[in-house]
Amino acid sequence: MATGNVADASTPTRLTVLAGPTAVGKGTVAAYVRAHYPQVWHSVSVTTRPPRPGERDGEHYHFVSAQEFAAMVDAGELLECAVVHGRASYGTPRAPVIRALEQGRPALLEIDLQGARQVKRVMPDALFVFLAPPSWEELVARLVGRGTESPAEREARLATARVELAAAQEFDAVVVNHAVEQAAADLVSLMTAHVPAPAPHEAGQAVPPERAHRR
Ligand code: 5GP
């Protein structure tokens with residue numbers, strides 16, 4: 001099933017976590033999925049960063065103060081949380097995720113690598129998808145393309161991106177972001193594919209289709 005309004009009985013109810021290096025286009029792919037695959041439920045994160053023009057509270061994020069964020073952490077209300085780019089805190093409210101899974105909806109979290117690793121500790125059965133750039137050169141072009149960073153800032157971002165790219169091996173599947181529509185389609189098909197238990201001799205072996213592959 002590629003599109004549709006409801007999760008049918010054959011749709012797995014597993015949580016999917018989408019992560020990847022800075023500037024790879026996770027947000028764009030997630031936004032495309034939101035617009036074109038209404039059967040997918042999206043988590044709305046909490047953040048302490050201020051809204052950008054056009055962002056609406058409760059839709060793009062729940063925008064909260066640092067005190068409100070800390071209270072949510074203390075109350076155990078977040079499935080995971082992290083400070084991203086050293087600037088603001090982000091977290092995934094736990095209760096809506098559990099509710100979506102109980103309702104049988106394929107659920108998607110688009111979060112950073114630190115958050116993905118935390119979810120892996122508490123929900124190891126989730127599907128972890130790494131969004132990768134077509135090439136290192138392409139990622140560098142996307143990172144430095146705006147030309148607004150100082151050389152030092154650019155170097156720092158590239159160093160971070162190199163470390164983040166190496167994390168691909170921790171994930172169950174890799175989707176290469178050649179084009180947003182295709183990456184979104186690949187992601188949704190991974191989310192809604194039946195995942196048969198591997199035969200003993202296949203366990204741990206890679207099964208790579210062309211663009212998206214499960215490990
Ligand atoms: P932005 O501020 O540009 O919307 O997002 C910055 C980064 O925060 C992105 O890499 C995004 O994936 C990450 N992010 C958004 N929501 C969450 C969240 O709930 N938890 C974590 N760990 N990262 C998040």
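Small disclaimer: the values here were computed from a predicted structure and weren't measured.

Trainee: Where do I start with the sheet that holds strand S6 (residues 88-93) in this structure?
Mentor: Think of a sheet as strands paired side by side through backbone hydrogen bonds, with each pair either parallel or antiparallel. One open sheet holds the four strands; their spatial order is S4-S3-S6-S5, and the pairing between them is mixed. What marks the edges here is a single partner per strand, and that holds for strand S4 (62-63) and strand S5 (78-84). Bridge count for strand S3 (residues 46-47) against S4 is two bridges, and the pairing is parallel. When the sheet's bridge partners are listed, Thr 47 is paired in S4 with Phe 63.

Trainee: Would you mind showing me how to read the packing of helix H1 (residues 26-36) against helix H7 (residues 180-192) here?
Mentor: Describing two packed helices takes the angle between their axes plus the distance from one axis to the other. Two numbers describe how H1 lies on H7: the axes approach to 9 Å, and their chain directions differ by 70 degrees. Between H1 and H7, the crossing angle belongs to the class labelled roughly perpendicular. Crossing hand, H1 versus H7: right-handed. Contact residues: H1 offers Thr 28, Val 29, Tyr 32 and Val 33, while H7 offers Val 180, Glu 181, Ala 183, Ala 184, Leu 187 and Val 188.

Trainee: I'm lost on the site of the ligand in this one. Help?
Mentor: Around the ligand there are 15 residues in total, and Ser 45, Arg 49, Tyr 61, Tyr 90 and Glu 110 lie nearest to it. Between the ligand and Lys 26, the relevant distance is 3.0 Å, taken from an oxygen atom to a side-chain nitrogen or oxygen of the residue. Here a nitrogen atom of the ligand and a side-chain polar atom of Glu 80 are 2.7 Å apart. If the ligand stood free it would expose 510 Å²; the protein chains cover 87% of that surface. Mapped by element, the contributors of at least two residues to the shell around the ligand are S5 and S6. Of the residues assigned to the shell around the ligand, the class counts are five nonpolar, four polar and six charged.

Trainee: Help me out: how do you make sense of helix H4 (residues 113-122) in this one?
Mentor: Note: α-helices contain 3.6 residues per turn, so residues at a spacing of three or four share the same orientation. The complete set of buried residues in H4 reads Leu 113, Gly 115, Ala 116 and Val 119. Summarising the axial view, the buried residues of H4 lie within an arc of 155 degrees, below the 170-degree limit, and thus occupy one face. The inward-facing, buried residues of H4 contact strand S1 (15-19), S5, strand S7 (107-110), strand S8 (127-132) and helix H6 (151-165).

Trainee: Would you explain H6 in this entry?
Mentor: With 15 residues, H6 ought to run about 21 Å at 1.5 Å a step, and its terminal C-alpha atoms sit 21 Å apart, in line with that. Turning to H6, its buried residues are Leu 158, Ala 161 and Glu 164. Looking straight down H6, one finds its buried side chains confined to an arc of 125 degrees; they lie on one side. Residues of H6 that are exposed and point more than 90 degrees away from the buried face comprise Ala 152, Glu 155 and Val 163. Check the buried side of H6 and you find it contacts H4, S8 and helix H5 (136-144).

Trainee: Would you explain the pattern of salt bridges in this entry?
Mentor: A side chain with one charge may pair with a side chain of the opposite charge, provided their charged atoms come close. Using the criterion set out here, one finds four salt bridges in the structure. Residue Glu 55 pairs with Arg 49 through a salt bridge whose shortest N-O separation is 2.8 Å. When its relative accessible area of 9% is taken as the criterion, Arg 49 is described as buried. Salt-bridge contacts for Glu 59 lead to Arg 56; the nearest nitrogen and oxygen are separated by 2.7 Å. What makes Arg 56 partly exposed here is its relative accessible area of 47%.

Calculation notes
- Residues numbered from 1 in each chain as written.
- Predicted model: local features only at pLDDT ≥ 70, side-chain atom pairs only at ≥ 80, totals over all residues.
- Heavy atoms only, no water.
- Pairing = 2+ DSSP bridges.
- Helix = DSSP H or I, 4+ residues; strand = E, 2+ residues; numbered from the N terminus.
- Axes fitted to C-alpha atoms, helices over the stretch in contact; angles between N-to-C directions.
- Parallel < 35°, antiparallel > 145°, perpendicular 65-115°, else oblique.
- Left-handed = near helix turned anticlockwise from the far one by under 90°.
- Contact = heavy atoms within 4.5 Å.
- Near = heavy atom within 4 Å.
- Polar contact = N/O pair within 3.5 Å; in protein donor to acceptor, adjacent residues only side chain to side chain.
- Areas by Shrake-Rupley, 256 points an atom, 1.4 Å probe, with all protein chains shown as cover.
- Nonpolar A, V, L, I, M, F, W, Y, C, P; charged D, E, K, R; others polar.
- Buried < 20%, exposed > 50% of the residue type's maximum accessible area, 1.4 Å probe, protein only.
- Arc of directions from axis to C-beta.
- Expected span 1.5 Å × (residues − 1).
- Salt bridge = Lys/Arg side-chain N within 4 Å of Asp/Glu carboxyl O.

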